[in-house]
Amino acid sequence: MLTSKPRGTNDIIPGETELWQKIEAIITSLARNYGYREIRTPIFEHTELFLRGVGENTDIVDKEMYTFEDKGGRSLTLRPEGTAAVARAYLENKMYAWPQPVKMYYLGPMFRHDRPQAGRYRQFHQFGVEIFGTSHPASDAEVIHLCMAFYQLIGLENLELHINSVGCPQCREILRQKLMAYFESHRNDLCSICRQRVERNPLRILDCKNKICRDAGKDAPTPLDCLCQECRDHFASVRRYLDVQQIAYIVNPRLVRGLDYYTKTAFEVIAPDIGAQSAIGGGGRYDGLVETCGGPHIPGVGFAIGLERTISVIRKQGLEQETHRLMAFVAMAGDTEDVATRIIYTLRQAGVSCDRDYIGRSLKAQMKYASKINAKYVVIVGEDELARGNVTLRDMDTGKQYEVELDKLVAEIKSNTC
Ligand code: HAM
């Protein structure tokens, strides 16, 4: 117990954090490039926010929330997603009084108490963006463009972008009635979960992964069959903007997404390479969410990308590169520790990463250790060289070794590595 982490969580350890940091740096510069600013909301919120925002009939609220009572008897929930929390923060901080639209991004852990399996965790990380204050279809296309630009920057290939329109609440009500009637007569052909969805949330039956539900629903009406003129026009405009930006997509009429707040555009990015949990990102428009949270009618659109799943595609596609390498290991030979300490200090101050031995290794063992940790150079601080005002520099890649004047060490290392 004491040496095992809770089920469905991950340690991200040295050797892995480098890739996370690289991805985080890409996210920060990309989001800024598109005009988004970072928002950080609490890890937990009042449970009510997710009940109302995400929707009581969703799997997330129904089964997956980490909900607890605090010492004051308030019901709190670890955030299962970011959008509802950002909508709450938008309202609470009166961002509707800022110049619109307000474009924000976030990066951090989310929590869902789901059955853990490959690609599905109880604590996972999302990079998400949200735009509040515009219903312009070009903003839908912008978030899709940004989402795909992220995958492109990290080099992912073979991705599928699925898009759909789930319509406005009026279109959805018509669809709901039609689906209830359709699935009522196919109830016995559905999986046990979908049987319960017939009255509660028949839309979700459309994207159930179970083959029997797929077969039973093959002639079922889809959201696209029920769109009103405005929603139809909006979807056509979004598609036109995507075409102009040469973003390839698949219209998937069965895509409905698992959160209740979506209106009009819905999209998902699928990586067929990583097995069952292949959705690496998803999002859409949510024009009623701010109102549901108790605010004015403020339209919004956004997405979130699952970072664990994205990293799993990076690894599957062999795209992981070594990103961190210690530049210099300072090895001590004889009674040279004081000088070596000063050299280390000087190198670090000059921005050259370096390290030393703390185990009392012999020079030979220090060289072996430096090779194991893949240091680029070893600076050998030996008594004889020091007497000449020099140290020995060994390039661990080429094996070339030569003496360098102490004063010129930083310049020598930098000239070879820059
Ligand atoms: P979501 O589809 O629930 O959407 O999650 C977005 C992404 O988070 C998924 O595509 C997946 O990659 C990742 N993800 C979800 N659950 C897990 C899990 N248990 N383990 C690992 N990864 C997971 C949302 O959360 C919406 N808030 C997205 C959004 C933002 N829509 C509009 N704005």
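Refer to the structure printed above.
Everything quoted here is computed from the prediction, not taken from an experiment. (Residues numbered from 1 in each chain as written. Predicted model: local features only at pLDDT ≥ 70, side-chain atom pairs only at ≥ 80, totals over all residues. Heavy atoms only, no water.)

**Some details on the sheet that holds strand S3 (residues 66-69)**
Sheet strands pair by backbone hydrogen bonding; their relative direction is either parallel or antiparallel.
And step 1. Read from one edge to the other, the open sheet built from 3 strands follows the order S2-S4-S3, with strand pairing classed as antiparallel. Each edge of the open sheet is held by one strand with a lone partner, namely strand S2 (44-46) and S3. Between one strand axis and the next, the sheet turns by 35 degrees as a mean value, whatever way the strands run. (Pairing = 2+ DSSP bridges. Helix = DSSP H or I, 4+ residues; strand = E, 2+ residues; numbered from the N terminus. Axes fitted to C-alpha atoms, helices over the stretch in contact; angles between N-to-C directions.)

**Concerning helix H12 (residues 337-349)**
And step 1. With 13 residues, H12 extends 18 Å from end C-alpha to end C-alpha; this agrees with the ideal 18 Å at 1.5 Å per step.
And step 2. All buried positions along H12 are accounted for by Val339, Ala340, Ile343, Ile344 and Leu347. All buried residues of H12 fall inside an arc of 140 degrees around its axis, so they share one side. The exposed residues of H12 that point more than 90 degrees off its buried face are Asp338, Arg342, Tyr345 and Gln349.
And step 3. The first or second residue beyond H12 is Gly351, which carries a positive phi of 85 degrees. (Expected span 1.5 Å × (residues − 1). Buried < 20%, exposed > 50% of the residue type's maximum accessible area, 1.4 Å probe, protein only. Arc of directions from axis to C-beta.)

**Considerations on the nonpolar core**
And step 1. Core analysis: the biggest nonpolar cluster contains 43 residues, and Tyr36, Phe127, Phe150, Tyr151, Leu161 and Phe303 have the highest contact counts within it.
And step 2. Elements with a contribution of two residues or more to this core: helix H1 (17-33), strand S6 (123-132), helix H5 (137-154), strand S7 (160-165), helix H9 (229-244), strand S9 (263-270), strand S11 (300-306) and helix H11 (307-316).
And step 3. The contacts of Phe303, once residues within four sequence positions are left out, are Tyr106, Phe127, Gly128, Val129, Glu130, Val143, Leu146, Cys147, Phe267, Gly282 and Gly283.
And step 4. By size, the runner-up hydrophobic cluster in this structure holds 32 residues, among which are Ala89, Tyr90, Leu91 and Phe124. (Core = buried A, V, L, I, M, F, W, Y, C linked by side-chain atoms within 4.5 Å. Contact = heavy atoms within 4.5 Å.)

**So, the packing of aromatic side chains**
And step 1. As enumerated under the stated definition, the model contains 13 aromatic pairs in all.
And step 2. Between Tyr182 and Phe183 the ring centres are 5.0 Å apart and the planes differ by 90 degrees, which places this aromatic pair in the edge-to-face class. Take Tyr182 and Phe183: they sit in the same class, and that class is buried.
And step 3. Relative to Tyr369, the ring of Phe329 has its centre 5.5 Å away and its plane inclined at 65 degrees; by these criteria the two rings are edge-to-face. (Phe/Tyr/Trp six-rings, centres within 6.5 Å; stacked < 30°, edge-to-face > 60°.)

**Some points on the sheet that holds strand S14 (residues 377-382)**
And step 1. With respect to topology, 5 strands assemble into an open sheet ordered S13-S12-S14-S15-S16, the strand pairing being mixed. If you trace the sheet from one side to the other, it starts and ends with strand S13 (354-356) and strand S16 (401-405), each paired once. Each neighbouring strand pair of the sheet contributes to a mean axis angle of 30 degrees, computed without reference to strand direction.
And step 2. Note that strand S12 (residues 328-333) and S13 share 3 bridges and pair parallel. Of the residues in S13, the one forming a bridge with Ala328 is Cys354.

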